[in-house]
Amino acid sequence: MKKLFYLFVFVTTSVVFSQTDKQDSTQIKKFYNASLLNGKSYQWLTHLTQDIGGRLSGSANAQKAVEWGKNELEKLGLNKVWLQPVMVPHWERGTKEEAYIVTKKGRVTAPICALGGSVATKGRNGLMAEVIEVQSVKEVEALGEKVRGKIVFYNRPMQADLIRTFRAYGGAVGQRFNGARVAGKHGAVGAIVRSMNLRLDDYPHTGVMSYGDTPDAQKIPTAAISTLASERLHKELQVNPNTRFYFKQSCKTFPDAPSFNVIGELTGSTFPDEYIVVGGHLDSWDLAEGAQDDGAGIVQSMEVLRLFKETGYRPKRSIRVVLFMNEENGSRGGKEYARIAEEKKENHIVALESDAGGFTPRGFGFNCNDVNYAQILKWKPLFEPYLIHVFARGGGGSDVGHLNTDDNVIFGLQPDSQRYFDFHHTAIDKLDAVNKRELELGAATMASMLYLFDKYGIK
Ligand SMILES: [Zn+2]
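These notes cover the structure that comes with them.

Parameters and conventions
- Residues numbered from 1 in each chain as written.
- Predicted model: local features only at pLDDT ≥ 70, side-chain atom pairs only at ≥ 80, totals over all residues.
- Heavy atoms only, no water.
- Pairing = 2+ DSSP bridges.
- Helix = DSSP H or I, 4+ residues; strand = E, 2+ residues; numbered from the N terminus.
- Axes fitted to C-alpha atoms, helices over the stretch in contact; angles between N-to-C directions.
- Contact = heavy atoms within 4.5 Å.
- Donors = N, O, S within 2.8 Å, 3.2 Å for Na, K, Ca; no water.
- Tetrahedral: all angles 85-135°; square planar, octahedral: opposite > 155°, others 65-115°.
- Buried < 20%, exposed > 50% of the residue type's maximum accessible area, 1.4 Å probe, protein only.
- Right-handed = clockwise from strand over helix to strand, strands pointing away.
- Salt bridge = Lys/Arg side-chain N within 4 Å of Asp/Glu carboxyl O.
- Core = buried A, V, L, I, M, F, W, Y, C linked by side-chain atoms within 4.5 Å.
- Phe/Tyr/Trp six-rings, centres within 6.5 Å; stacked < 30°, edge-to-face > 60°.
- Polar contact = N/O pair within 3.5 Å; in protein donor to acceptor, adjacent residues only side chain to side chain.
- Parallel < 35°, antiparallel > 145°, perpendicular 65-115°, else oblique.
- Left-handed = near helix turned anticlockwise from the far one by under 90°.
- Nonpolar A, V, L, I, M, F, W, Y, C, P; charged D, E, K, R; others polar.
- Expected span 1.5 Å × (residues − 1).

A word on the sheet that holds strand β7 (residues 190-194)
The 8 strands are arranged β3-β2-β9-β5-β6-β7-β8-β4 in an open sheet whose pairing can be described as mixed. In the strand order of this sheet, the two ends are held by β3 (106-109) and β4 (112-114), each with one partner. Averaged over all pairs of adjacent strands, the angle between strand axes in this sheet comes to 35°, irrespective of strand direction. Here strand β6 (residues 151-154) runs beside β7; their pairing, made up of 4 bridges, is parallel. Bridged to Val152 within β7 is Ala191. In the packing of helix α5 (residues 165-185) onto the sheet, contacts are made with β6, β7 and β8 (222-225), and the angle to β6 comes to roughly 155°. Where helix α6 (residues 227-239) meets the sheet, its contacts fall on β2 (98-103), β3, β5 (127-134), β6, β7, β8 and β9 (244-248), and the angle it forms with β2 comes to roughly 25°.

Comments concerning the sheet that holds strand β13 (residues 347-353)
Across the sheet, 8 strands lie side by side as β1-β10-β12-β11-β13-β16-β14-β15; this open sheet has mixed pairing. A single partner strand is all that each edge strand has here, and the edge strands are β1 (80-92) and β15 (390-393). Averaged over all neighbouring strand pairs, the angle between strand axes comes to 20°, with direction disregarded. Across 6 bridges, the pairing between strand β11 (residues 271-281) and β13 is parallel. Across the sheet, Gly279 pairs through a bridge with Glu353, a residue of β13. Across the sheet, helix α3 (residues 60-75) is in contact with β1, β10 (252-266) and β12 (317-324); its angle to β10 comes to roughly 5°.

Some details on the coordination of the zinc ion
All of the protein donors around the zinc ion are His281 (NE2), Asp293 (OD), Asp355 (OD) and Asp355 (OD); their distances to the metal are 1.9 to 2.7 Å. Viewed at the metal, the 4 donor atoms of the zinc ion are separated by angles of 51 to 144°, and the geometry they form is irregular. Counting gaps between the donor residues of the zinc ion yields the pattern H-x11-D-x61-D. Taken together, the residues span a long stretch of sequence, with Asp293 in helix α7 (residues 291-310) and Asp355 in the loop between β13 and β14 (361-367) at a distance of 62 residues. By relative accessible area, which is 17% here, Asp355 ends up buried.

Here we look at the pairing of β15
In summary, the side chains of a regular strand alternate between the two faces of the sheet. Note that β14 and β15 share 4 bridges and pair parallel. Directly across from Gly363, in β15, lies its bridge partner Val390. One crossover worth recording links β14 to the parallel β15 by way of helix α9 (residues 370-383), and it is right-handed.

Overview of the pattern of salt bridges
Inspection of every chain in the model, using the stated rule, returns 25 salt bridges. Where Arg93 meets Asp286, a salt bridge forms, and the shortest distance between an N and an O atom there is 2.7 Å. A residue pair is termed long-range when its members are at least 10 positions apart, and Arg93 in the loop between β1 and β2 and Asp286 in the loop between β11 and α7 qualify at 193 residues. With a relative accessible area of 29%, Asp286 lands in the partly exposed category. For Asp256, the salt bridge goes to Arg332, with nearest N and O atoms at 3.1 Å. Placement of the pair is Asp256 in strand β10 and Arg332 in helix α8 (residues 332-343), with a sequence separation of 76 residues. Ionic contacts of the salt-bridge type, sharing partners, join the residues Lys80, Glu265, Arg320 and Glu346 into one network.

A look at the nonpolar core
Counting 66 residues, the largest nonpolar core has Phe308, Phe366, Phe383, Phe411, Met449, Leu450 and Phe453 as the members making the most contacts within it. If one sorts the elements of this core by residue count, helix α11 (residues 436-456) sits on top with 10 residues. Leaving out residues up to four positions away in the same chain, Met449 has contacts with Phe364, Phe366, Ile376, Trp379, Phe383, Phe391 and Phe411.

Some details on the packing of aromatic side chains
Counting across every chain of the model gives 24 aromatic pairs. Every member of this aromatic cluster is reached through a ring pair, and the members are Phe364, Phe366, Trp379, Phe383, Phe391, Phe411, Phe453 and Tyr456.

Some words on the side chain of Thr103
Mapped onto the elements, Thr103 comes out in strand β2. Separated by 2.6 Å, the side chain of Thr103 and the backbone oxygen of Gly106 make a polar contact. With sequence-adjacent residues up to four places away left out, Thr103 is seen in contact with Val108 and Glu236.

Considerations on unusual backbone geometry
Across the junction of Asp293 and Asp294, the peptide omega takes the value 0°, indicating a cis bond. Here Asp294 is to be found in helix α7. Here the phi dihedral of Asn326 falls at roughly 70°; this positive angle occurs in a residue that is not glycine. As for its placement among the helices and strands, Asn326 is situated in the loop between β12 and α8. Overall, the relative accessible area of 0% leaves Asn326 in the buried class. With a phi close to 65°, His425 is a non-glycine residue in the positive phi region. Assignment of secondary structure puts His425 in the loop between α10 (420-423) and α11. Taking relative accessible area as the criterion, His425 reaches 6% and is therefore assigned buried.

Points about the packing of helix α2 (residues 41-52) against α3
At their nearest, the axes of α2 and α3 sit 11 Å apart, and the two run at 155° to each other. Considering their axes alone, α2 and α3 lie roughly antiparallel with respect to each other. Between α2 and α3 lies a crossing whose hand is right-handed. Where α2 approaches α3, its residues Trp44, His47, Leu48 and Ile52 are matched on the opposing element by Asn61, Lys64, Ala65, Trp68 and Glu72. Its residues assigned to classes, the contact of α2 with α3 shows 5 nonpolar, 2 polar and 2 charged.

With respect to α9
Taking 1.5 Å as the rise per residue, α9 with 14 residues should run 20 Å; its terminal C-alpha atoms sit 20 Å apart, in good agreement. Along α9, the residues that are buried comprise Asn372, Tyr373, Gln375, Ile376, Trp379, Leu382 and Phe383. The opening residue of α9, the one whose side-chain oxygen lies 3.3 Å from the backbone nitrogen of Val371, is Asn369.

As structure tokens, then:
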């Protein structure tokens, strides 16, 4: 009898479980179908990249993107759409940079671009000086006075044997961020940095840099140089250690400018005070259209809410899409969103960011406690039909990261990253760098995971 009872319990609970799974897999299938057959993400991305274009913080285009985002979210029939004011840095590149290597045979043009936040080269004539090549900021510290009067050339490549290319980026980007500050401290007159790119090509990659608390008069100009030109300059220095480099740039920092995060909300039916956020960053660098970085993440995040509406799923918790402003050169939007959330004591249980490109989704990186991670792993089989298999610890994103607490779940979409740094912060980060189908798969993957968090909550 007892045995029969246990058998009964086992059968009924497994029926309940399998029905739940069935419901979940049916809803997830609906998300993928809607995204792939009738998605809006690519159409949005086309507008954002082609009709608006590059949208660096403080620019007229960034403002256009804010208005566009608000307008599109309003069309989705969400419960609320609003703008959250935030002051952002305003830096402009000015006229196109010029650079060349002075070789025995003459000038060899070098593709460069000023790093975000850099000062211009002084005067009308640009800057010419001997080059000293280094592998790291540490090396410059050790060289000290030997860099005086020179252009420091940071040439440490991204590490090619790291399969997770964001780790390779993380391992090299310190040269870009701190290079000019440290070189300037030791009397260098300029700093050029090998582009953050695993490929050899002639597209320089911009990105943010910082002078820390360096006084204005001691700030030296800094630019990224293409990977191919880095190789050329390196070879030239092998032959002639006194090789000179010339560059000219006219970039400038203006006073901070007013801007906005764009926010839309589907208010929860059962737990409206529990918030789930999905977002990317609306600003982009100015060299191209910001398609992979991060137009893709913006339209995927918008698509998540649209997919909830289109498939008729009414969330139990409040789902917010946030189009964050100023991730690239200040993260002011991410910080301000978190500050207001804290001020209003809003309980953000989950936040998902898409800011790793619009390539084929592979999975997610989770920043959460063990209990929540155990729950997440139980959902993994639901994603197998879609070839989503990376459920890693660690991750999140630079905008949603500010919402991190000891017991919430902050996570990031992890698309295939092998080609991301071909485009990142370059003049070729355009619409044609993004594949429509891959973009749509990413949006459906994000919606599916947020659906599960909405339905089951966190532990
Ligand atoms: Zn980005």
